[in-house]
Amino acid sequence: MKQSSVVRVDLGAGGPTPSASPSTDVDVVIVGAGAAGIGAARTLLSYGRSVVVLEAQGYAGGRACSDNTTFSEIPFDLGAQLFQQVLAGNVLYQTALARGNAVADMTAFPTAFFFGKRPPSDPEVQIAAAEMVSTTAAMLTALIAAGASILTPAQDVAVSTVTDAFENDPYYANAISLNVESITGAPPSESSLLDLFAFLSVSPAPFVIPGDSYFIKGGMGNFIAGLADGLPLQLNTPVQRIAYDSSGVTVHTKSAAYRAKAVIVTASTAVLAADGIDFAPLLPAPVREAIAAIPLGHIYKAALGFKSDIFAQLKTVTEFNTMTLTTPLGGPPGPTYFAKFWDTNVVEFLADADLAVTLEGMTATGQRDYLLGQLELNGIPASSAFDGRMTASSWGTNQYTQGAYSHANIGSVDARTALRAGVRGQIFFAGESFTLGGLHSSLHGAYTSGISAANAALRALGVAAEHGVSAAAD
Ligand SMILES: Cc1cc2nc3c(=O)[nH]c(=O)nc-3n(C[C@H](O)[C@H](O)[C@H](O)COP(=O)(O)OP(=O)(O)OC[C@H]3O[C@@H](n4cnc5c(N)ncnc54)[C@H](O)[C@@H]3O)c2cc1C
(Lines give C-alpha, C1' and ligand atoms only; values in the text may rest on other atoms or scores of the structure.)
Protein backbone atom coordinates (compact mmCIF):
# COMPACT_ATOMS: atom_id res chain seq x y z
CA MET A 1 0.00 0.00 0.00
CA LYS A 2 1.37 3.38 -0.99
CA GLN A 3 1.54 6.17 1.56
CA SER A 4 0.60 9.69 0.54
CA SER A 5 2.31 12.75 1.84
CA VAL A 6 0.18 15.56 3.19
CA VAL A 7 0.96 18.96 1.68
CA ARG A 8 0.76 21.82 4.16
CA VAL A 9 -0.47 25.09 2.68
CA ASP A 10 -0.81 28.29 4.64
CA LEU A 11 -4.09 29.81 3.53
CA GLY A 12 -3.30 33.00 5.45
CA ALA A 13 -5.87 35.65 6.24
CA GLY A 14 -7.81 34.85 3.09
CA GLY A 15 -8.55 31.29 4.26
CA PRO A 16 -12.05 29.98 4.61
CA THR A 17 -12.40 30.57 8.37
CA PRO A 18 -10.63 33.12 10.50
CA SER A 19 -9.61 30.62 13.16
CA ALA A 20 -8.29 28.02 10.73
CA SER A 21 -4.57 27.62 11.29
CA PRO A 22 -2.60 25.72 10.24
CA SER A 23 -4.35 24.54 7.06
CA THR A 24 -3.71 21.45 5.04
CA ASP A 25 -4.59 20.41 1.48
CA VAL A 26 -5.49 16.82 0.68
CA ASP A 27 -7.53 15.08 -1.98
CA VAL A 28 -9.99 13.60 0.51
CA VAL A 29 -10.60 14.12 4.22
CA ILE A 30 -12.04 11.12 6.03
CA VAL A 31 -14.02 11.80 9.20
CA GLY A 32 -13.78 8.87 11.61
CA ALA A 33 -11.31 5.99 11.99
CA GLY A 34 -13.76 3.14 12.48
CA ALA A 35 -13.99 0.24 10.03
CA ALA A 36 -15.58 2.44 7.35
CA GLY A 37 -12.98 5.21 7.60
CA ILE A 38 -10.16 2.68 7.55
CA GLY A 39 -11.61 0.91 4.47
CA ALA A 40 -12.01 4.24 2.70
CA ALA A 41 -8.50 5.44 3.58
CA ARG A 42 -6.81 2.22 2.50
CA THR A 43 -8.64 2.33 -0.83
CA LEU A 44 -7.76 5.95 -1.58
CA LEU A 45 -4.14 5.50 -0.53
CA SER A 46 -3.78 2.48 -2.79
CA TYR A 47 -4.69 4.84 -5.63
CA GLY A 48 -2.00 7.28 -4.58
CA ARG A 49 -4.48 9.88 -3.37
CA SER A 50 -3.60 12.07 -0.42
CA VAL A 51 -5.91 11.66 2.56
CA VAL A 52 -6.08 12.55 6.21
CA VAL A 53 -8.23 10.62 8.66
CA LEU A 54 -9.57 12.76 11.51
CA GLU A 55 -10.76 10.77 14.52
CA ALA A 56 -12.50 12.38 17.50
CA GLN A 57 -11.51 9.71 20.01
CA GLY A 58 -8.11 8.55 21.18
CA TYR A 59 -8.00 5.26 19.29
CA ALA A 60 -8.71 3.76 15.87
CA GLY A 61 -11.54 1.24 15.54
CA GLY A 62 -14.65 3.16 16.63
CA ARG A 63 -17.33 0.67 17.61
CA ALA A 64 -14.70 -2.10 17.47
CA CYS A 65 -12.78 -1.46 20.68
CA SER A 66 -10.79 -3.95 22.75
CA ASP A 67 -10.26 -3.29 26.46
CA ASN A 68 -6.70 -4.61 26.92
CA THR A 69 -6.21 -3.65 30.55
CA THR A 70 -9.09 -4.87 32.74
CA PHE A 71 -8.25 -8.55 32.32
CA SER A 72 -4.72 -9.83 31.88
CA GLU A 73 -6.10 -13.11 30.51
CA ILE A 74 -7.82 -11.75 27.38
CA PRO A 75 -8.67 -8.55 25.56
CA PHE A 76 -12.38 -7.85 26.03
CA ASP A 77 -14.33 -6.39 23.12
CA LEU A 78 -16.67 -3.65 24.28
CA GLY A 79 -18.11 -3.38 20.77
CA ALA A 80 -18.01 -5.76 17.82
CA GLN A 81 -16.53 -9.15 18.60
CA LEU A 82 -17.75 -11.56 15.89
CA PHE A 83 -17.04 -11.93 12.21
CA GLN A 84 -20.59 -12.45 10.97
CA GLN A 85 -22.15 -13.53 7.68
CA VAL A 86 -18.96 -15.40 6.90
CA LEU A 87 -20.73 -17.94 4.68
CA ALA A 88 -21.80 -15.09 2.39
CA GLY A 89 -18.21 -13.78 2.28
CA ASN A 90 -16.71 -11.52 4.92
CA VAL A 91 -13.62 -9.69 3.70
CA LEU A 92 -12.43 -8.91 7.22
CA TYR A 93 -12.63 -12.56 8.26
CA GLN A 94 -10.51 -13.48 5.24
CA THR A 95 -8.01 -10.77 6.15
CA ALA A 96 -7.85 -11.99 9.76
CA LEU A 97 -7.10 -15.53 8.59
CA ALA A 98 -4.47 -14.29 6.15
CA ARG A 99 -2.80 -12.42 9.02
CA GLY A 100 -2.67 -15.57 11.14
CA ASN A 101 -5.26 -14.61 13.77
CA ALA A 102 -6.75 -17.35 15.96
CA VAL A 103 -10.50 -17.57 15.40
CA ALA A 104 -13.20 -19.87 16.74
CA ASP A 105 -16.56 -20.82 15.26
CA MET A 106 -19.24 -19.59 17.63
CA THR A 107 -21.41 -22.69 17.15
CA ALA A 108 -18.56 -24.92 18.31
CA PHE A 109 -19.41 -23.63 21.79
CA PRO A 110 -22.48 -25.07 23.46
CA THR A 111 -25.60 -23.12 24.28
CA ALA A 112 -27.22 -23.70 27.65
CA PHE A 113 -30.27 -22.32 29.38
CA PHE A 114 -30.81 -21.21 32.94
CA PHE A 115 -33.80 -22.74 34.66
CA GLY A 116 -33.34 -21.63 38.21
CA LYS A 117 -31.12 -23.96 40.19
CA ARG A 118 -31.92 -27.00 38.08
CA PRO A 119 -28.93 -28.37 36.17
CA PRO A 120 -28.99 -28.82 32.40
CA SER A 121 -28.96 -32.61 32.92
CA ASP A 122 -32.47 -32.46 34.39
CA PRO A 123 -34.73 -34.14 31.76
CA GLU A 124 -37.38 -31.43 32.13
CA VAL A 125 -34.75 -28.79 31.53
CA GLN A 126 -33.66 -30.60 28.39
CA ILE A 127 -37.24 -30.67 27.07
CA ALA A 128 -37.65 -26.97 27.85
CA ALA A 129 -34.37 -26.20 26.10
CA ALA A 130 -35.54 -28.03 22.98
CA GLU A 131 -38.80 -26.07 23.05
CA MET A 132 -36.83 -22.85 23.41
CA VAL A 133 -34.85 -23.73 20.28
CA SER A 134 -38.00 -24.58 18.33
CA THR A 135 -39.68 -21.30 19.38
CA THR A 136 -36.66 -19.42 18.10
CA ALA A 137 -36.75 -21.33 14.81
CA ALA A 138 -40.49 -20.71 14.41
CA MET A 139 -40.04 -16.99 15.05
CA LEU A 140 -37.24 -16.72 12.49
CA THR A 141 -39.25 -18.71 9.93
CA ALA A 142 -42.25 -16.41 10.45
CA LEU A 143 -40.07 -13.31 10.11
CA ILE A 144 -38.51 -14.56 6.89
CA ALA A 145 -41.87 -15.55 5.38
CA ALA A 146 -43.45 -12.21 6.26
CA GLY A 147 -40.41 -10.30 5.05
CA ALA A 148 -40.39 -12.15 1.72
CA SER A 149 -44.02 -11.21 1.14
CA ILE A 150 -43.28 -7.46 1.28
CA LEU A 151 -42.80 -6.24 -2.27
CA THR A 152 -42.18 -2.52 -1.74
CA PRO A 153 -41.01 -0.38 1.19
CA ALA A 154 -44.53 1.10 1.27
CA GLN A 155 -45.80 -2.31 2.42
CA ASP A 156 -43.24 -2.49 5.23
CA VAL A 157 -44.46 -3.18 8.76
CA ALA A 158 -42.96 -3.26 12.25
CA VAL A 159 -41.09 -6.41 13.29
CA SER A 160 -43.61 -6.68 16.14
CA THR A 161 -46.45 -7.47 13.71
CA VAL A 162 -44.79 -10.87 13.38
CA THR A 163 -43.21 -11.35 16.79
CA ASP A 164 -46.27 -10.29 18.84
CA ALA A 165 -47.86 -13.61 17.90
CA PHE A 166 -45.27 -15.27 20.14
CA GLU A 167 -45.81 -12.98 23.12
CA ASN A 168 -47.53 -15.62 25.24
CA ASP A 169 -44.93 -18.26 24.47
CA PRO A 170 -42.88 -18.95 27.64
CA TYR A 171 -39.71 -18.72 25.56
CA TYR A 172 -40.59 -15.42 23.89
CA ALA A 173 -38.33 -13.19 26.01
CA ASN A 174 -35.26 -15.26 25.24
CA ALA A 175 -36.05 -15.80 21.57
CA ILE A 176 -36.76 -12.15 20.92
CA SER A 177 -33.66 -11.01 22.73
CA LEU A 178 -31.29 -13.52 21.19
CA ASN A 179 -32.51 -13.42 17.61
CA VAL A 180 -34.26 -10.14 16.93
CA GLU A 181 -33.26 -7.37 19.32
CA SER A 182 -29.61 -8.34 19.15
CA ILE A 183 -29.73 -7.78 15.37
CA THR A 184 -31.56 -4.44 15.45
CA GLY A 185 -30.71 -3.20 18.94
CA ALA A 186 -34.27 -1.87 19.04
CA PRO A 187 -37.66 -2.99 20.35
CA PRO A 188 -39.60 -4.88 17.63
CA SER A 189 -42.32 -2.19 17.55
CA GLU A 190 -39.76 0.36 16.36
CA SER A 191 -37.88 -1.47 13.64
CA SER A 192 -38.59 -2.26 10.03
CA LEU A 193 -39.37 -5.85 9.10
CA LEU A 194 -38.00 -5.28 5.59
CA ASP A 195 -34.68 -4.09 7.04
CA LEU A 196 -34.43 -7.10 9.36
CA PHE A 197 -35.41 -9.35 6.45
CA ALA A 198 -32.43 -8.03 4.45
CA PHE A 199 -30.14 -9.19 7.26
CA LEU A 200 -31.91 -12.56 7.59
CA SER A 201 -31.64 -13.07 3.82
CA VAL A 202 -27.87 -13.19 4.32
CA SER A 203 -27.87 -15.07 7.66
CA PRO A 204 -31.25 -16.83 8.08
CA ALA A 205 -30.38 -18.20 11.52
CA PRO A 206 -27.88 -15.77 12.99
CA PHE A 207 -25.39 -17.11 15.53
CA VAL A 208 -26.64 -20.66 14.94
CA ILE A 209 -25.42 -21.72 11.49
CA PRO A 210 -22.00 -23.42 11.70
CA GLY A 211 -19.33 -21.48 9.85
CA ASP A 212 -21.23 -18.17 9.83
CA SER A 213 -19.97 -16.41 13.00
CA TYR A 214 -16.43 -16.42 14.39
CA PHE A 215 -14.80 -15.04 17.54
CA ILE A 216 -11.24 -13.67 17.26
CA LYS A 217 -9.02 -14.39 20.21
CA GLY A 218 -6.72 -11.38 19.85
CA GLY A 219 -9.67 -8.99 20.15
CA MET A 220 -11.75 -7.56 17.32
CA GLY A 221 -10.91 -3.99 18.31
CA ASN A 222 -7.20 -4.80 18.22
CA PHE A 223 -7.57 -6.41 14.79
CA ILE A 224 -9.46 -3.44 13.31
CA ALA A 225 -7.03 -0.95 14.88
CA GLY A 226 -4.21 -2.92 13.24
CA LEU A 227 -5.76 -2.23 9.83
CA ALA A 228 -5.23 1.48 10.54
CA ASP A 229 -1.48 1.06 11.03
CA GLY A 230 0.39 3.43 8.75
CA LEU A 231 -2.61 5.55 7.83
CA PRO A 232 -2.26 9.36 8.06
CA LEU A 233 -4.43 9.45 11.15
CA GLN A 234 -5.02 12.27 13.64
CA LEU A 235 -6.48 10.98 16.90
CA ASN A 236 -8.33 13.16 19.44
CA THR A 237 -9.32 15.45 16.59
CA PRO A 238 -13.10 15.97 16.47
CA VAL A 239 -14.38 17.53 13.26
CA GLN A 240 -16.60 20.45 14.16
CA ARG A 241 -17.65 21.89 10.82
CA ILE A 242 -17.68 20.94 7.16
CA ALA A 243 -18.07 23.84 4.74
CA TYR A 244 -18.56 23.14 1.06
CA ASP A 245 -19.04 25.23 -2.08
CA SER A 246 -18.03 25.12 -5.71
CA SER A 247 -14.38 25.71 -4.78
CA GLY A 248 -14.14 22.57 -2.63
CA VAL A 249 -14.56 21.36 0.92
CA THR A 250 -13.09 22.74 4.13
CA VAL A 251 -13.10 20.50 7.18
CA HIS A 252 -12.61 22.36 10.45
CA THR A 253 -11.31 20.99 13.71
CA LYS A 254 -10.66 23.05 16.84
CA SER A 255 -7.19 24.04 15.70
CA ALA A 256 -6.92 23.39 11.98
CA ALA A 257 -8.69 23.45 8.65
CA TYR A 258 -8.25 20.91 5.89
CA ARG A 259 -8.97 21.89 2.30
CA ALA A 260 -10.02 18.96 0.12
CA LYS A 261 -11.81 18.04 -3.06
CA ALA A 262 -14.10 15.68 -1.17
CA VAL A 263 -14.90 14.44 2.34
CA ILE A 264 -16.02 10.99 3.43
CA VAL A 265 -18.07 11.21 6.62
CA THR A 266 -18.32 8.01 8.66
CA ALA A 267 -19.84 9.34 11.90
CA SER A 268 -22.95 7.32 12.80
CA THR A 269 -26.39 8.47 11.69
CA ALA A 270 -27.19 9.17 15.36
CA VAL A 271 -24.22 11.55 15.61
CA LEU A 272 -25.23 13.25 12.36
CA ALA A 273 -28.91 13.49 13.34
CA ALA A 274 -27.87 15.17 16.60
CA ASP A 275 -25.86 17.76 14.60
CA GLY A 276 -22.59 16.38 15.94
CA ILE A 277 -21.01 18.00 12.88
CA ASP A 278 -22.05 21.41 11.61
CA PHE A 279 -22.50 21.45 7.80
CA ALA A 280 -22.35 24.77 5.95
CA PRO A 281 -24.57 25.01 4.05
CA LEU A 282 -26.94 22.63 5.82
CA LEU A 283 -27.16 19.20 4.24
CA PRO A 284 -30.09 19.08 1.78
CA ALA A 285 -33.44 18.28 3.42
CA PRO A 286 -33.80 14.82 1.76
CA VAL A 287 -30.37 13.84 3.11
CA ARG A 288 -31.27 15.02 6.62
CA GLU A 289 -34.55 13.13 6.43
CA ALA A 290 -32.76 9.97 5.30
CA ILE A 291 -30.28 10.27 8.19
CA ALA A 292 -33.17 10.60 10.66
CA ALA A 293 -34.84 7.52 9.16
CA ILE A 294 -31.89 5.28 10.09
CA PRO A 295 -31.60 5.57 13.90
CA LEU A 296 -29.28 3.56 16.10
CA GLY A 297 -30.43 0.88 18.52
CA HIS A 298 -28.70 -0.07 21.75
CA ILE A 299 -26.45 -2.92 22.85
CA TYR A 300 -24.72 -3.09 26.24
CA LYS A 301 -21.75 -5.29 26.95
CA ALA A 302 -19.93 -5.95 30.19
CA ALA A 303 -17.47 -8.47 31.55
CA LEU A 304 -16.77 -9.50 35.12
CA GLY A 305 -13.83 -11.48 36.45
CA PHE A 306 -14.25 -14.33 38.91
CA LYS A 307 -11.85 -16.12 41.25
CA SER A 308 -13.11 -19.49 40.18
CA ASP A 309 -15.22 -21.21 37.56
CA ILE A 310 -18.72 -20.19 38.64
CA PHE A 311 -20.21 -22.45 35.98
CA ALA A 312 -18.41 -25.56 37.21
CA GLN A 313 -21.73 -27.21 38.07
CA LEU A 314 -22.79 -26.97 34.42
CA LYS A 315 -19.63 -28.75 33.32
CA THR A 316 -21.06 -32.02 34.56
CA VAL A 317 -23.02 -32.08 31.31
CA THR A 318 -20.49 -30.91 28.81
CA GLU A 319 -16.94 -29.64 28.66
CA PHE A 320 -16.61 -26.24 27.10
CA ASN A 321 -14.44 -23.20 26.60
CA THR A 322 -17.23 -20.75 26.03
CA MET A 323 -20.93 -21.31 26.28
CA THR A 324 -23.88 -19.11 25.58
CA LEU A 325 -26.38 -18.98 28.39
CA THR A 326 -29.73 -17.37 27.94
CA THR A 327 -31.78 -15.61 30.58
CA PRO A 328 -34.13 -17.27 33.08
CA LEU A 329 -37.44 -18.43 31.69
CA GLY A 330 -40.65 -16.73 32.66
CA GLY A 331 -39.06 -13.54 33.96
CA PRO A 332 -38.36 -10.24 32.26
CA PRO A 333 -35.66 -10.34 29.58
CA GLY A 334 -32.19 -10.37 31.07
CA PRO A 335 -28.72 -10.46 29.57
CA THR A 336 -27.21 -13.23 27.52
CA TYR A 337 -23.99 -14.61 28.97
CA PHE A 338 -20.89 -15.85 27.29
CA ALA A 339 -19.52 -17.95 30.09
CA LYS A 340 -15.97 -19.18 30.51
CA PHE A 341 -14.96 -16.82 27.76
CA TRP A 342 -11.92 -18.29 25.98
CA ASP A 343 -11.51 -20.75 28.86
CA THR A 344 -10.98 -17.98 31.42
CA ASN A 345 -13.06 -17.06 34.45
CA VAL A 346 -14.10 -13.88 32.68
CA VAL A 347 -17.84 -13.86 32.01
CA GLU A 348 -19.36 -11.67 29.34
CA PHE A 349 -22.85 -10.13 29.54
CA LEU A 350 -24.76 -8.77 26.57
CA ALA A 351 -28.07 -6.91 26.75
CA ASP A 352 -30.06 -5.26 24.00
CA ALA A 353 -32.67 -2.57 23.31
CA ASP A 354 -34.43 -1.15 26.38
CA LEU A 355 -32.46 -3.25 28.86
CA ALA A 356 -29.23 -1.93 27.32
CA VAL A 357 -30.40 1.66 27.79
CA THR A 358 -31.37 0.96 31.41
CA LEU A 359 -28.01 -0.62 32.20
CA GLU A 360 -26.03 2.18 30.55
CA GLY A 361 -27.94 4.65 32.71
CA MET A 362 -26.92 2.93 35.96
CA THR A 363 -23.81 3.61 38.02
CA ALA A 364 -20.96 1.11 37.69
CA THR A 365 -21.93 -0.32 41.09
CA GLY A 366 -25.56 -0.62 40.02
CA GLN A 367 -24.56 -2.45 36.84
CA ARG A 368 -22.32 -4.82 38.79
CA ASP A 369 -25.00 -5.58 41.37
CA TYR A 370 -27.61 -6.23 38.69
CA LEU A 371 -25.36 -8.61 36.75
CA LEU A 372 -24.24 -10.51 39.84
CA GLY A 373 -27.85 -10.60 41.02
CA GLN A 374 -29.00 -12.19 37.76
CA LEU A 375 -26.48 -14.96 38.25
CA GLU A 376 -27.46 -15.40 41.91
CA LEU A 377 -31.12 -15.69 40.89
CA ASN A 378 -30.09 -18.73 38.91
CA GLY A 379 -28.24 -20.37 41.74
CA ILE A 380 -24.79 -19.33 40.55
CA PRO A 381 -22.62 -18.25 43.54
CA ALA A 382 -21.45 -15.15 41.74
CA SER A 383 -21.09 -12.49 44.45
CA SER A 384 -18.64 -14.44 46.59
CA ALA A 385 -16.59 -15.45 43.55
CA PHE A 386 -16.44 -11.97 41.95
CA ASP A 387 -12.81 -10.76 41.96
CA GLY A 388 -13.54 -7.03 41.59
CA ARG A 389 -12.63 -6.65 37.94
CA MET A 390 -15.31 -5.26 35.65
CA THR A 391 -15.56 -3.39 32.39
CA ALA A 392 -18.66 -2.16 30.56
CA SER A 393 -19.55 -0.35 27.36
CA SER A 394 -21.37 2.96 26.99
CA TRP A 395 -22.07 3.30 23.27
CA GLY A 396 -25.35 5.14 23.80
CA THR A 397 -23.90 7.86 26.01
CA ASN A 398 -20.68 8.23 24.00
CA GLN A 399 -21.18 11.47 22.04
CA TYR A 400 -19.20 10.09 19.10
CA THR A 401 -21.40 7.01 18.59
CA GLN A 402 -24.76 7.67 20.33
CA GLY A 403 -25.89 4.07 19.96
CA ALA A 404 -24.77 0.60 18.93
CA TYR A 405 -25.88 0.04 15.35
CA SER A 406 -28.64 1.05 13.02
CA HIS A 407 -32.06 -0.16 11.99
CA ALA A 408 -34.42 1.48 9.52
CA ASN A 409 -37.61 3.15 10.59
CA ILE A 410 -40.67 1.33 9.29
CA GLY A 411 -41.02 2.00 5.55
CA SER A 412 -37.64 3.72 5.33
CA VAL A 413 -35.20 1.07 4.12
CA ASP A 414 -34.62 3.13 0.97
CA ALA A 415 -32.95 5.79 3.09
CA ARG A 416 -29.80 3.64 3.27
CA THR A 417 -29.62 3.70 -0.55
CA ALA A 418 -30.44 7.40 -0.81
CA LEU A 419 -27.55 8.33 1.47
CA ARG A 420 -25.09 6.48 -0.70
CA ALA A 421 -25.52 9.13 -3.40
CA GLY A 422 -23.72 11.72 -1.29
CA VAL A 423 -23.98 15.47 -1.80
CA ARG A 424 -22.74 17.37 -4.88
CA GLY A 425 -19.93 14.90 -5.58
CA GLN A 426 -18.16 16.44 -2.56
CA ILE A 427 -19.63 14.81 0.56
CA PHE A 428 -19.85 11.03 0.73
CA PHE A 429 -21.22 8.97 3.60
CA ALA A 430 -19.90 5.61 4.72
CA GLY A 431 -20.40 3.37 7.73
CA GLU A 432 -22.63 0.58 8.89
CA SER A 433 -25.75 2.74 8.56
CA PHE A 434 -25.10 3.31 4.87
CA THR A 435 -24.59 -0.34 3.99
CA LEU A 436 -26.84 -2.21 1.61
CA GLY A 437 -27.75 -5.84 1.00
CA GLY A 438 -28.38 -6.84 4.60
CA LEU A 439 -24.80 -6.05 5.69
CA HIS A 440 -25.85 -3.15 7.90
CA SER A 441 -25.03 -3.26 11.62
CA SER A 442 -21.80 -5.08 10.87
CA LEU A 443 -18.09 -4.44 10.72
CA HIS A 444 -17.61 -5.95 7.28
CA GLY A 445 -20.58 -3.93 6.02
CA ALA A 446 -19.01 -0.75 7.42
CA TYR A 447 -15.62 -1.60 5.93
CA THR A 448 -17.00 -2.34 2.45
CA SER A 449 -19.15 0.80 2.58
CA GLY A 450 -15.92 2.73 3.14
CA ILE A 451 -14.47 1.15 0.02
CA SER A 452 -17.62 2.06 -1.94
CA ALA A 453 -17.48 5.66 -0.72
CA ALA A 454 -13.80 5.83 -1.70
CA ASN A 455 -14.70 4.56 -5.16
CA ALA A 456 -17.37 7.24 -5.45
CA ALA A 457 -14.87 9.88 -4.33
CA LEU A 458 -12.33 8.58 -6.86
CA ARG A 459 -14.91 8.96 -9.61
CA ALA A 460 -15.61 12.50 -8.43
CA LEU A 461 -11.87 13.17 -8.59
CA GLY A 462 -11.88 11.91 -12.18
CA VAL A 463 -10.16 8.60 -11.44
CA ALA A 464 -11.84 6.02 -13.63
CA ALA A 465 -10.62 2.84 -12.00
CA GLU A 466 -12.87 0.92 -9.64
CA HIS A 467 -11.16 -0.59 -6.65
CA GLY A 468 -12.31 -4.05 -5.63
CA VAL A 469 -13.01 -5.07 -2.06
CA SER A 470 -10.17 -7.51 -1.68
CA ALA A 471 -7.42 -5.16 -2.83
CA ALA A 472 -8.20 -2.68 -0.08
CA ALA A 473 -8.30 -5.46 2.48
CA ASP A 474 -4.93 -7.04 1.66
C1 LIG B 1 -21.87 -3.62 21.38
C2 LIG B 1 -21.70 -3.84 19.90
C3 LIG B 1 -21.52 -5.11 19.42
C4 LIG B 1 -21.33 -5.32 18.05
N5 LIG B 1 -21.09 -6.59 17.61
C6 LIG B 1 -20.75 -6.77 16.33
C7 LIG B 1 -20.27 -8.03 15.90
O8 LIG B 1 -20.11 -8.96 16.70
N9 LIG B 1 -19.96 -8.18 14.58
C10 LIG B 1 -20.06 -7.15 13.68
O11 LIG B 1 -19.76 -7.36 12.49
N12 LIG B 1 -20.49 -5.93 14.07
C13 LIG B 1 -20.82 -5.72 15.37
N14 LIG B 1 -21.18 -4.49 15.79
C15 LIG B 1 -21.35 -3.44 14.80
C16 LIG B 1 -20.02 -2.83 14.40
O17 LIG B 1 -19.27 -2.54 15.53
C18 LIG B 1 -20.28 -1.55 13.61
O19 LIG B 1 -21.15 -1.82 12.54
C20 LIG B 1 -19.00 -0.95 13.05
O21 LIG B 1 -17.96 -0.95 13.98
C22 LIG B 1 -19.30 0.46 12.58
O23 LIG B 1 -18.16 0.99 11.95
P24 LIG B 1 -18.27 2.44 11.34
O25 LIG B 1 -16.95 2.77 10.78
O26 LIG B 1 -19.46 2.55 10.48
O27 LIG B 1 -18.59 3.39 12.58
P28 LIG B 1 -17.72 3.67 13.88
O29 LIG B 1 -16.97 2.47 14.29
O30 LIG B 1 -18.64 4.30 14.86
O31 LIG B 1 -16.65 4.74 13.36
C32 LIG B 1 -16.98 6.10 13.21
C33 LIG B 1 -15.88 6.90 13.87
O34 LIG B 1 -16.18 8.29 13.69
C35 LIG B 1 -15.74 8.96 14.85
N36 LIG B 1 -16.41 10.25 14.91
C37 LIG B 1 -17.70 10.53 15.21
N38 LIG B 1 -17.93 11.85 15.16
C39 LIG B 1 -16.76 12.43 14.79
C40 LIG B 1 -16.34 13.76 14.56
N41 LIG B 1 -17.17 14.80 14.72
N42 LIG B 1 -15.05 13.98 14.20
C43 LIG B 1 -14.18 12.95 14.04
N44 LIG B 1 -14.52 11.67 14.26
C45 LIG B 1 -15.80 11.41 14.62
C46 LIG B 1 -16.09 8.04 15.99
O47 LIG B 1 -15.32 8.31 17.12
C48 LIG B 1 -15.77 6.67 15.37
O49 LIG B 1 -14.46 6.25 15.69
C50 LIG B 1 -21.35 -4.24 17.16
C51 LIG B 1 -21.53 -2.95 17.64
C52 LIG B 1 -21.69 -2.74 19.00
C53 LIG B 1 -21.83 -1.33 19.49
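Structural data are supplied above this passage.
Worth saying up front: this structure is predicted, and the values here are computed from it rather than measured.

**What to know about the site of the ligand**
Around the ligand, the structure places 38 residues, and the nearest of them are Glu55, Arg63, Leu82, Val239 and Leu443. In this structure, glutamine 84 approaches the ligand through a side-chain N or O atom, which is 3.0 Å from a nitrogen atom. When the ligand sits alone it has 990 Å² of accessible area, and the protein chains cover 98% of it. For the shell around the ligand, the elements supplying multiple residues, two or more each, are helix H1 (35-46), strand E15 (299-306) and helix H14 (443-460).

**Side note on empty space enclosed by the protein**
Taken as a whole and judged by the stated rule, the model has two cavities of 30 Å³ or more. The computed volume of the largest cavity comes to approximately 70 Å³. Along its surface, the largest cavity is lined by Pro75, Phe76, Asp77, Gln81, Phe215, Ile216, Lys217, Gly219, Phe341, Trp342 and Glu348. When its residues are assigned to classes, the lining of the largest cavity shows six nonpolar, two polar and three charged. For the second largest cavity, the calculated volume is near 30 Å³. Together, Gln84, Gln85, Phe199, Ser203, Pro206, Phe207, Asp212 and Ser213 line the second largest cavity. Considered class by class, the residues forming the lining of the second largest cavity number three nonpolar, four polar and one charged.

**Considering the environment of arginine 42**
With respect to the secondary-structure elements, arginine 42 resides in helix H1. Residue arginine 42 is classed as buried on the basis of its relative accessible area, which comes to 4%. For the pair formed by arginine 42 and glycine 230, sequence separation is 188 residues and the distance between their alpha carbons is 9.6 Å. Within the structure, arginine 42 has its side chain in polar contact with the backbone oxygen of leucine 227 (distance 3.0 Å).

**Concerning the packing of helix H3 (residues 123-148) against helix H6 (residues 193-202)**
Look at H3 against H6: their axes get within 9 Å of each other, and the N-to-C directions meet at 115°. Regarding the angle of H3 to H6, the classification is roughly perpendicular. The element H3 and its partner H6 pack so that their crossing is left-handed. Residues Leu140, Leu143, Ile144, Ala146, Gly147 and Ala148 of H3 form the contact with H6, whose participating residues are Leu193, Leu194, Leu196, Phe197 and Leu200.

Here is what the cut-offs are and how they apply
Residues numbered from 1 in each chain as written. Predicted model: local features only at pLDDT ≥ 70, side-chain atom pairs only at ≥ 80, totals over all residues. Heavy atoms only, no water. Near = heavy atom within 4 Å. Polar contact = N/O pair within 3.5 Å; in protein donor to acceptor, adjacent residues only side chain to side chain. Areas by Shrake-Rupley, 256 points an atom, 1.4 Å probe, with all protein chains shown as cover. Helix = DSSP H or I, 4+ residues; strand = E, 2+ residues; numbered from the N terminus. 1 Å grid on protein atoms, 1.4 Å probe; cavity = no way out; pocket = protein on both sides within 12 Å on 5 of 7 lines; lining within 4 Å. Points joined across faces, edges and corners; volume = space filled by probe spheres on them. Nonpolar A, V, L, I, M, F, W, Y, C, P; charged D, E, K, R; others polar. Buried < 20%, exposed > 50% of the residue type's maximum accessible area, 1.4 Å probe, protein only. Axes fitted to C-alpha atoms, helices over the stretch in contact; angles between N-to-C directions. Parallel < 35°, antiparallel > 145°, perpendicular 65-115°, else oblique. Left-handed = near helix turned anticlockwise from the far one by under 90°. Contact = heavy atoms within 4.5 Å.

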